[in-house]
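One letter stands for each residue in the lines below.
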Amino acid sequence: MRPLLRVFCSVLAAASLGACASNERLPEARYTMVERQVLPLDQRVAITYEGADDSRCPENARCVWAGQVAYRFTLRIGNSVAQAFYLVPGRPGYTNPALRGSRIELDRNLTAPPRGMADMRPASYPVTFNMYAM
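Residues numbered from 1 in each chain as written. Predicted model: local features only at pLDDT ≥ 70, side-chain atom pairs only at ≥ 80, totals over all residues. Heavy atoms only, no water.

Engineer: Looking at this structure, how should I read the pairing of strand β3 (residues 45-54)?
Structural biologist: Looking along a regular strand, one sees the side chains alternate between the two faces of the sheet. Of all 10 residues in β3, 8 are buried; the element is thus mostly enclosed. Where strand β2 (residues 38-40) lies against β3, 3 bridges are found, and the strand directions are antiparallel. Following the sheet pairing, proline 40 is matched in β3 by alanine 46. Linkage of β2 to β3, two consecutive antiparallel strands, is achieved through a turn of 4 residues. Relative to strand β4 (residues 69-77), β3 is paired through 9 bridges, and the arrangement is antiparallel. Bridge assignment links valine 45 to a residue of β4, and that residue is isoleucine 77. (Buried < 20%, exposed > 50% of the residue type's maximum accessible area, 1.4 Å probe, protein only. Helix = DSSP H or I, 4+ residues; strand = E, 2+ residues; numbered from the N terminus. Pairing = 2+ DSSP bridges.)

Engineer: Where do I start with the confidence of the model for the chain in this structure?
Structural biologist: A low pLDDT means the predicted coordinates there should not be read in detail. Looking at the chain, the pLDDT average stands at 80 and 77% of residues meet or exceed 70. In this model residues 3-21 is a low-confidence stretch, pLDDT under 50, and it forms 2 contacts with partners more than four residues away in sequence or in other chains. (pLDDT = per-residue confidence, 0-100. Contact = heavy atoms within 4.5 Å.)

Engineer: Explanation requested: the state of the cysteines in the structure shown.
Structural biologist: Joining two cysteines, a disulfide is a covalent bond between their sulfur atoms. Counted under the stated rule, the structure contains 1 disulfide. Note that cysteine 57 is cross-linked by a disulfide to cysteine 63, the S-S spacing being 1.9 Å. Given an S-S torsion of about 75°, the disulfide between cysteine 57 and cysteine 63 has right-handed geometry. Judged by its relative accessible area of 40%, cysteine 63 falls in the partly exposed class. (Disulfide = S-S within 2.5 Å.)

Engineer: Is there a simple way to explain the sheet that holds strand β7 (residues 102-106) in this structure?
Structural biologist: Pairing between the strands of a sheet is mediated by backbone hydrogen bonds and can be parallel or antiparallel. Taken in spatial order, the 4 strands of this open sheet run β1-β8-β7-β6, and their pairing is antiparallel. Looking at the sheet topology across the chains shown, the edges are occupied by β1 (29-33) and β6 (94-95). In the sheet, β6 pairs with β7 via 2 bridges, with the strands oriented antiparallel. Opposite threonine 95, over in β7, you have arginine 103 as the bridge partner.

Engineer: What's the story with unusual backbone geometry in this structure? I'm lost.
Structural biologist: Negative phi characterises most residues that are not glycine, and trans characterises most peptide bonds. Phi angles above zero are rare outside glycine, and arginine 36 is one such case at about 70°. Here arginine 36 shows up in the loop between β1 and β2. Even without being a glycine, arginine 100 presents a positive backbone phi close to 50°. Assignment of secondary structure puts arginine 100 in the loop between β6 and β7. Residue arginine 100 is classed as buried on the basis of its relative accessible area of 17%.

Engineer: Help me out: how do you make sense of the side chain of asparagine 130 in this one?
Structural biologist: Along the chain, asparagine 130 falls in strand β8 (residues 127-133). Judged by its relative accessible area of 8%, asparagine 130 is buried. Here aspartate 107 takes part through its side chain, which lies 2.8 Å from a polar atom of the side chain of asparagine 130. Contact partners of asparagine 130, with chain neighbours within four places excluded, come to Ala29, Arg30, Arg103, Ile104, Glu105, Leu106 and Asp107. (Polar contact = N/O pair within 3.5 Å; in protein donor to acceptor, adjacent residues only side chain to side chain.)

Engineer: I tried to follow the packing of aromatic side chains on my own but got confused; where do I start?
Structural biologist: By the definition in use, this model includes 6 aromatic pairs. Judged by centre distance (3.8 Å) and plane angle (5°), the rings of phenylalanine 85 and tyrosine 94 are stacked. Connected via pairs of aromatic rings, a cluster forms that spans Tyr31, Tyr49, Tyr71, Phe73, Phe85, Tyr94 and Phe129. (Phe/Tyr/Trp six-rings, centres within 6.5 Å; stacked < 30°, edge-to-face > 60°.)

Listed below in structure tokens is the structure:
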């Protein structure tokens, strides 16, 4: 075998073995997080709960659109990749190849904080989500 081809084959074999080791499924689980909390899923993957955007109509107000609560997250892969995503009640969950076949969905029993008065935001929007294997 030529030296260059031998090097290529050994690199290819090492890469495929490394890929197999990292293809292990993430565990199915239920997580509750508070704003700015970081949840490590494995050595290279972590989720940060950034907070919530609440566009719901304030109590005792007339609005054209009822609004919604959208929970903001950042998926970090290693030290160089960060991808933002939202989870919104009643909408599909989130998938990403870094989750290795898992899907993140808001917990069905999650209740959003009560709507505040105009320009007043509750102190914290804790969130509960589930991770499911697909």
